Amino acid sequence: MRYFEAAADGIVACTATGRYRVRETLAHYESAWAGLGFLRVNESQLANLLHVTEIVPWFNSRYVLRLTGGAELEVSKTYAKRLRSALKM
């Protein structure tokens with residue numbers, strides 16, 4: 001599992017093999033999967049930190065996470081502090 005994303009048709013789990021619709025909310029996965037390396041990076045996405053290949057500093061105290069498979073997720077300013085804390089940056 002690389003990341004979860006809120007899409008127009010509901011919550012989607014993005015994996016190496018495709019995108020799959022899931023039933024629970026992002027808040028559910030955020031709390032239930034936190035011990036597995038998942039972290040909220042913005043209002044609509046949770047990233048699996050184990051799949052992060054690069055962290056790119058971005059504008060206004062934000063970051064872009066590059067994941068295995070080529071996906072890029074923007075870490076909002078609100079969640080950047082949590083990322084720095086989780087990674088001890």
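Rules of the game
One numbering rule holds for all chains: residues counted from 1, following each sequence as written. Per-residue local features are limited, in this predicted model, to residues with pLDDT of at least 70; the limit for side-chain atom pairs, both in listing and counting, is 80 or more; totals at the level of whole chains, interfaces and linings are taken over all residues. Side-chain numbers come from the whole structure's heavy atoms, not from hydrogens or water. Strands are runs of DSSP state E lasting at least two residues, helices are runs of H or I lasting at least four, and both sets are numbered from the N terminus onward. Burial classes: relative accessible area under 20% of the type maximum marks a residue as buried, over 50% as exposed, and values in between as partly exposed (1.4 Å probe, protein chains only). Contacts: residue pairs with any heavy atoms within 4.5 Å of one another. Within this scheme, the nonpolar core is defined by two criteria: the residues are buried Ala, Val, Leu, Ile, Met, Phe, Trp, Tyr or Cys, and they are joined through side-chain atoms within 4.5 Å.

A.B. asks: Give me the lowdown on the environment of Val 12, citing residues and values where you can.
C.D. replies: Within the secondary structure, Val 12 is located in strand 2 (residues 10–14). Given the relative accessible area of 5%, Val 12 is considered buried. Residues Val 12 and Val 22, ten residues apart in the sequence, show an inter-C-alpha distance of 5.8 Å. Those residues in contact with Val 12, other than ones at most four positions away along the chain, are Tyr 3, Phe 4, Glu 5, Ala 7, Arg 19, Tyr 20, Arg 21 and Val 22.

A.B. asks: Any details on the nonpolar core? Residues and values, ideally.
C.D. replies: In terms of nonpolar packing, the biggest core is built from 15 residues, with Tyr 3, Val 41, Leu 65, Leu 67, Leu 73, Val 75 and Leu 83 touching the most fellow members. Every element with two or more residues in this core is listed here: strand 2, strand 4 (38–42), strand 7 (63–67), strand 8 (72–75) and helix 2 (77–87). Excluding anything up to four places from it in sequence, Leu 83 contacts Leu 39, Leu 49, Tyr 63, Leu 65 and Val 75. Judged by nonpolar contacts, the second largest core, of seven residues, contains Phe 4, Leu 26, Phe 38 and Leu 46.

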